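# Structure assessment
Given next are the chains, with one letter for each unit.
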Amino acid sequence: MSTPPLASGHEGPHALRPLLDTVLEALDTGARARGGPLPAGGPEAVAARTREAVGDVLPDRGDPHALRTLVHAFAATAADPAHPLCAAHLHCAPLAVAAAADLAACALNPSMDSWDQAPGASELEGLVAAALAREVHPAGTSDALVTTGGTESNQLALLLAREAHGGSVRLVCGANAHHSLPRAAWLLGLPEPVVVPAPGGTLDPGALDATLTRLSGPLLVAATAGTTDAGLIDPLPEIAARCAAHCARLHIDAAYGAGLLFSHRHRTLLTGLDAADTVTLDLHKLGWQPVAAGLLAVRDSRDLTALRQRADYLNADDDTDAGLPDLLGRSLRTTRRPDVLKIAVTLKTLGRGGLGALVDQVCAHARQFAALVDAHPDFDLHAPPVISTVLFRPAGATDHTVAAVRRALLTDGSAVLGRARLDGRLWLKATLLNPDTGPDDLAALLHLAAASRATLVEGHTPR
C-alpha cells in the first residue's frame, strides 16, 4: 500500500487539487439533495441517512470513495447558513475568501504554541490582534487574544479579573447575560454571581448602582452588547459610569454586537465600549468567518501577564532570551490552529468599507422583516430590531403553539427559526446574518411561519 499524499510539502497542492474537485462536487450534489435550508424528516430521519452513508466507521479495508460519499451526506444533512430561510441562530454563512484561506491553514497546520511551529503565523496573529484591539480601545496599551468564541473569551475575562484582584472577584451581571458567564464563575471557583434585573432585556443601571452600593470586595460587572435572544445592547455609558463610581472592573460581552464597529452607520450603538477592561468579540457572527474566530480585547496589555506559563520544550528561558517569541501566554490552550489567517485575509480583502457594508445590509434586512411582521395581521412584533434579530409570534397564539410552529418548520426542512423567551412569553426568532437575503426571501419566511401556524390551528388560514 502506498503512503497517502500529504496536504503540504512540495506535492501537497497537486494532491489537494483533485480532492478539492471531489469536495466541491459533493457539496453541490449534497445541497441539491437537501433542497432547502435543513434536511427534511427531523432527527430520526437525518440520523438514519447519516448512518446509511457512513456504514462501518472503521472498516478493515479503506473505501476510496469515502470523501465523496461522506461530504455529500454531510452537505445533504446540514443546516445551510447561506440559505436565506436559515435564520435561527448567530450562525453565519462564511465568506468564500475566508473559507479558502482556512484551507491554507489546514494544509500547513501550524500550531500556535511555539514560534518554531508557526513562525509567520505568530507574527500575523500579533498584528491582527493589535489592530482589532485598537478598534475597541483606541487609546492605551491594548491587546487581544484569539479564542474559540464568546464562551472562551468570557471565561478568560473572568480569569484576568480574578488575577488582577489577587485571586478573588465576584461577578455581577444582568439577568440577560449569556449563560457562559455564570458558568465561567463556576468553573473558576468564584462566588455565586449576583444577578441584576434586566427589564425589557437590558441591564438596569439604577438596579446595578444599588447592587454595587451594597456589595463589598472586588467586583466584575459584565454587560452585554448584543444579547443572543433579541440582539439588545445594554446602556453601556451609564453602566461604565456606575462601574467607575464604585471602582468595579467592567467586562462587555460584545460577541454579537462587536461587528458594528466596522459600520460607520451603526458603530455609535457601541458608545461606551472603550470603557471596558475586557471585551468579547466574535467574528464568526457579524464577521462572516468559519468557526472559530473569537477574540478577547484587553484595555491594558499588562493584564495578560497572568497567563504566562513556562514549558521548557516550548519556551525555554534561553530561547526566549535569544529572541524566540513566547506564545504560551497568548492562550489557555496549548495546541491551537491559526484561526488568524482567515481573519487577516478577510480584513485585508474587504477592508472596513466592505465589512461595514455587510453589517449595514443585514441590519437593513432586519428592519425590513420587522416592517413585514408589523404590517401582517396574523403576527405580533416584539420590538424594532437593534442589530439583526427580529422577535415575532403568531397573534393570539399560546406558547405551546409558538413552539410547535417552529418545530414543524424544522421537521419539514422548509425554514429554520430560533426561539427566545422575553417578557414572559415565547417568541419566534429570526437572526438575519445573510447579506444576500432579498425581499422575496423575507416574505417567504413570514409566509411559511403563517402556513405552519395554519396547519396547527383548525379553521385558521393565513391572510
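First, a word on what this report is: a plain description of the structure on this page. (Residues numbered from 1 in each chain as written. Predicted model: local features only at pLDDT ≥ 70, side-chain atom pairs only at ≥ 80, totals over all residues. Heavy atoms only, no water.)

### Topic: helix α9 (residues 236-245)
Under the convention used in this document: Remark: exposure states derive from per-residue accessible area (1.4 Å probe, protein chains only) relative to the maximum for the residue type, with buried under 20%, exposed over 50%, and partly exposed in between. A run of DSSP states H or I qualifies as a helix once it reaches four residues; a run of E qualifies as a strand once it reaches two. Both are numbered from the N-terminal end. The directions from the helix axis to the C-beta atoms are what the arc is built from. The contact criterion used is simple: two residues touch if any of their non-hydrogen atoms lie within 4.5 Å.
What α9 keeps buried is the set Leu236, Ile239, Ala240 and Cys243. Angular distribution of buried residues about the axis of α9 spans 100°; they occupy a single face of the element. Structurally, α9 contributes buried residues whose contacts are with α8 (205-214), β5 (219-224) and β6 (249-254). One or two steps after α9, the chain reaches Cys247, where phi turns positive at roughly 55°.

### Thoughts on the sheet that holds strand β9 (residues 379-381)
What counts, and what does not: DSSP bridges decide pairing: two strands pair if at least two such bridges lie between them.
With mixed pairing, the five strands of this open sheet are ordered in space as β1-β11-β12-β10-β9. The sheet is open, and its two edges are formed by β1 (86-87) and β9, each paired on a single side. As defined by bridge partners, strand β10 (residues 389-394) adjoins strand β12 (residues 425-431) across four bridges and the pair is classed as antiparallel. Looking at the pairing, Val390 lines up with Ala430 of β12.

### A few points about the packing of aromatic side chains
Note the cut-off: Only centres within 6.5 Å qualify two rings of Phe, Tyr or Trp (six-membered ring in Trp) as a pair; their planes then separate them into stacked at under 30 degrees, edge-to-face at over 60, and tilted for everything else. In this analysis the charged atom, NZ for Lys or CZ for Arg, is taken to sit over a ring once it is within 6 Å of the ring centre and within 35 degrees of the ring normal.
Counting across every chain of the model gives two aromatic pairs. Ring centres of Phe369 and Phe392 lie 5.3 Å apart, and the angle between their planes is 80°; on these two criteria the pair is classed as edge-to-face. Highlighted residues: Phe369 in helix α12 (residues 340-375) and Phe392 in strand β10, separated in sequence by 23 residues. One aromatic cluster is present, built from ring pairs that chain together Phe369, Phe379 and Phe392. For Arg393, the ring lying beneath its charged end belongs to Trp427, and the centroid distance is 5.7 Å.

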